[in-house]
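# Architecture at a glance
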Amino acid sequence: MTFTHAITRRPVKELAAGITTSILGPPDYIKALDQFNAYVNALKQCGLSVTVLDPLDGYPDAHFVEDAAVVTPDIAVITNPGAAPRKGEVPSIAAALQPFRKIVWVQPPGTLDGGDVLMVDRHFFIGLSDRTNEQGARQLGDAVTGFGCTWTPVRVAAGLHFKSSVNAVGSDTLLTTQPFADHPALAGFHRIVISAQEEYAGNTLWVNGHLIMPTGFPDTRKKLETLGRPIIELDTSEFRKMDGGLTCLSLRF
Ligand code: GLY
């Protein structure tokens, strides 16, 4: 799938107040801004026109815009984020997507985080996690089925979101952590399996033929190089401290 647009959001100064399970310490705002700017430039290098939204006061996780929506070729599904402090992020994302797609809303008691949704061509893997429940997954599944897409629910046993562990790195190839190496839900896809020490590198982004991966994972890089695609490495240390990574920093469509 070729993407033409991305929506991103600059972090607030208080990004350290966001939700995290990490023990890596608080993020540095200035460093995070530098990393964010490098990320926007990488998306531009992949041919995307990038919208950068203003920081959203009072929402220290709001730069993880991917959790607030799922954008398909047909519609934009605005989520009901599973974490209470993040629910107020969605109106501004809906407004940003309004010019591009018909908007559909996930309704409570359904909850859904976009980080749990992996779209591969016209199939959706929807992670069931602490953030995404069965009702939320079903609402998204029903919405995309209406446009001829298919979907599979997949239980997320580790990491914040499904895409903390599994991402597409080609039209028929997934990059996965070891627990998903033989997962039956992913049958039919080639799988590149990450070593246990490099799990964070599972959050690699495939955009218009490029692979954007976090720096510092040489074993995963070697495995990805076998695909013969250009690789862009980005330092995401400050977002990692807040359980974030490359996929959740943008909506691509
Ligand atoms: N800090 C990202 C999240 O917990 O949603």
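The structure under discussion appears in the preceding block.
Residues numbered from 1 in each chain as written. Predicted model: local features only at pLDDT ≥ 70, side-chain atom pairs only at ≥ 80, totals over all residues. Heavy atoms only, no water.

Let's shift gears to the side chain of Ser 165. If you trace the backbone, Ser 165 turns up in the loop between β8 (150-155) and β9 (166-170). Excluding residues within four positions of it along the chain, Ser 165 makes contact with Ala 158, Leu 175, Thr 176, Thr 177 and Phe 180. (Helix = DSSP H or I, 4+ residues; strand = E, 2+ residues; numbered from the N terminus. Contact = heavy atoms within 4.5 Å.)

Glancing now at the site of the ligand. Taken together, Ile 19, Asp 61, Phe 64, Arg 86, Arg 131, Leu 160 and Met 242 make up the full set of residues adjacent to the ligand. Between the ligand and Arg 86, the relevant distance is 2.7 Å, taken from an oxygen atom to a side-chain nitrogen or oxygen of the residue. Of the residues assigned to the shell around the ligand, the class counts are four nonpolar, no polar and three charged. (Near = heavy atom within 4 Å. Polar contact = N/O pair within 3.5 Å; in protein donor to acceptor, adjacent residues only side chain to side chain. Nonpolar A, V, L, I, M, F, W, Y, C, P; charged D, E, K, R; others polar.)

Mapped onto the secondary structure, Glu 66 falls in the loop between β2 (49-53) and β3 (69-71). The exposure class of Glu 66 is buried, given its relative accessible area of 4%. At 2.8 Å, the side chain of Glu 66 forms a polar contact with the side chain of Arg 252. Residues in contact with Glu 66, not counting those within four places in the same chain, are Gly 114, Gly 115, Lys 163, Thr 247, Cys 248, Ser 250, Leu 251 and Arg 252. (Buried < 20%, exposed > 50% of the residue type's maximum accessible area, 1.4 Å probe, protein only.)

Its location among the elements puts Val 104 in strand β5 (residues 102-105). Residue Val 104 is classed as partly exposed on the basis of its relative accessible area, which comes to 24%. Between the C-alpha atom of Val 104 and that of Met 119, which follows or precedes it by 15 residues, the distance is 17 Å. Each residue touching Val 104, except ones within four places of it in the same chain, is listed here: Ile 75, Ala 76, Val 77 and Ile 78.

Within strand β7 (residues 123-128), six of the six residues are buried, leaving the element largely enclosed by the surrounding structure. Note: strand β6 (residues 117-120) against β7, four bridges, orientation antiparallel. By the bridge assignment, Val 120 is partnered in β7 with His 123. Turn length for the β6-β7 hairpin, with the two strands adjacent in sequence and antiparallel, is two residues, and the turn residue Asp 121 shows positive phi of about 55°. (Pairing = 2+ DSSP bridges.)

Another aspect to go through is unusual backbone geometry. In most cases, non-glycine residues show a negative phi, while peptide bonds are predominantly trans. Here Pro 108 and Pro 109 are connected by a cis peptide whose omega angle stands at 10°. Of note in the backbone geometry, Asp 121 takes a positive phi value of approximately 55° without being a glycine. You can see Asp 121 is positioned in the loop between β6 and β7. For Asp 243, which is not glycine, the phi dihedral falls at a positive 65°. You can see Asp 243 is positioned in the loop between α5 (237-240) and β15 (251-252).

Turning our eyes to something else, we now look at the pattern of salt bridges. Overall, the coordinates contain 12 salt bridges when judged by the stated rule. Across the pair Arg 221 and Glu 225 runs a salt bridge, and its minimum N-O distance is 2.8 Å. One end of the pair is Arg 221 and the other is Glu 225, both in helix α4 (residues 218-225) and four residues apart, which spans about a single turn. We classify Glu 225 as partly exposed; its relative accessible area is 41%. Taken together, the shared-partner salt bridges in this structure form one network comprising Lys 31, Glu 238 and Lys 241. (Salt bridge = Lys/Arg side-chain N within 4 Å of Asp/Glu carboxyl O.)

Quick look at helix α2 (residues 90-97) now. Restricting attention to buried positions, one finds in α2 the residues Val 90, Ile 93, Ala 94, Ala 96 and Leu 97. The buried residues of α2 occupy an angular sector of 160° when the element is viewed end-on, so they sit on one face. Looking at the packing, one finds that the buried side of α2 touches β1 (5-9), β2, β3, β4 (75-78), β5 and β15. (Arc of directions from axis to C-beta.)

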